[in-house]
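Understanding the architecture of this molecule
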Amino acid sequence: MEKLKAAPGPEAPEPKDEVRTVEIAVFGAGAGGLAAAIEAKEGGADVILIEKQGITGGSTARSGGKLLGAGTKWQKKQGIFHGLATRTPRPPYSASIRAKTGGPSSSV
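Read on for a plain summary of the structure. Values in this document were obtained by computation on a predicted structure and should not be read as measured data.

Thoughts on the pairing of strand β1 (residues 24-27)
Bridge count for β1 against strand β2 (residues 47-50) is four bridges, and the pairing is parallel. Bridge pairing in β2 links valine 26 to leucine 49. Handedness of the crossover is the feature at issue here: the chain leaves β1, passes through helix α2 (residues 31-42), returns alongside β2, and the resulting connection is right-handed.

Focus on the pattern of salt bridges
Side chains carrying opposite charge are able to pair once their charged atoms draw close together. Inspection of the entire model under this criterion finds one salt bridge. Among the ionic pairs, glutamate 18 bridges to arginine 20, the shortest N-O distance being 2.7 Å. Of the residues examined, glutamate 18 reaches a relative accessible area of 46% and is grouped as partly exposed.

Looking at the environment of alanine 31
Within the secondary structure layout, alanine 31 lies in helix α2. Alanine 31 sits 25 residues away from threonine 56 along the chain, and the two C-alpha atoms are 8.9 Å apart. With residues up to four places along the chain from it excluded, the contact list for alanine 31 reads Gly57 and Thr60.

Some thoughts on the environment of isoleucine 55
Residue placement: isoleucine 55 occurs in the loop between β2 and α3 (73-77). Counting along the chain gives 25 residues from isoleucine 55 to glycine 30, while the straight-line C-alpha distance between them is 9.6 Å.

Criteria and thresholds
Residues numbered from 1 in each chain as written. Predicted model: local features only at pLDDT ≥ 70, side-chain atom pairs only at ≥ 80, totals over all residues. Heavy atoms only, no water. Pairing = 2+ DSSP bridges. Helix = DSSP H or I, 4+ residues; strand = E, 2+ residues; numbered from the N terminus. Right-handed = clockwise from strand over helix to strand, strands pointing away. Salt bridge = Lys/Arg side-chain N within 4 Å of Asp/Glu carboxyl O. Buried < 20%, exposed > 50% of the residue type's maximum accessible area, 1.4 Å probe, protein only. Contact = heavy atoms within 4.5 Å.

In C-alpha cells, the structure reads:
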C-alpha cells in the first residue's frame, strides 16, 4: 500500500491562456449544467461548458441516481401535486418514512 501511495500520479497539463468569445458560458458539468448547455446549443447558441473537476457529473455523480426536488414550495405554489388524480399534496418525507416503517424518523 505504501508503494501505491508513494507512486506519482498523472501530471496535469500546463494551463494556457486562451480567449474565446461565446454567447453562453455554462459553469458546471453536472446534470443542470449539461442540460443547460445542450438546450442552448440545440437552440442555436455558441456555448462553452466549463467544469473545474477532472470529470463531469458534479454533485449529481454522488446522488445515487436520485433527483431530490419533489414536494417543493415552488411546486405547491404552482399546484403541482404528487397525486395528480386526487390533487392531494404528498405528505412530508419524514411522515412518509414513518408510515412505511411504522417508526420514528428524524425531521432534520
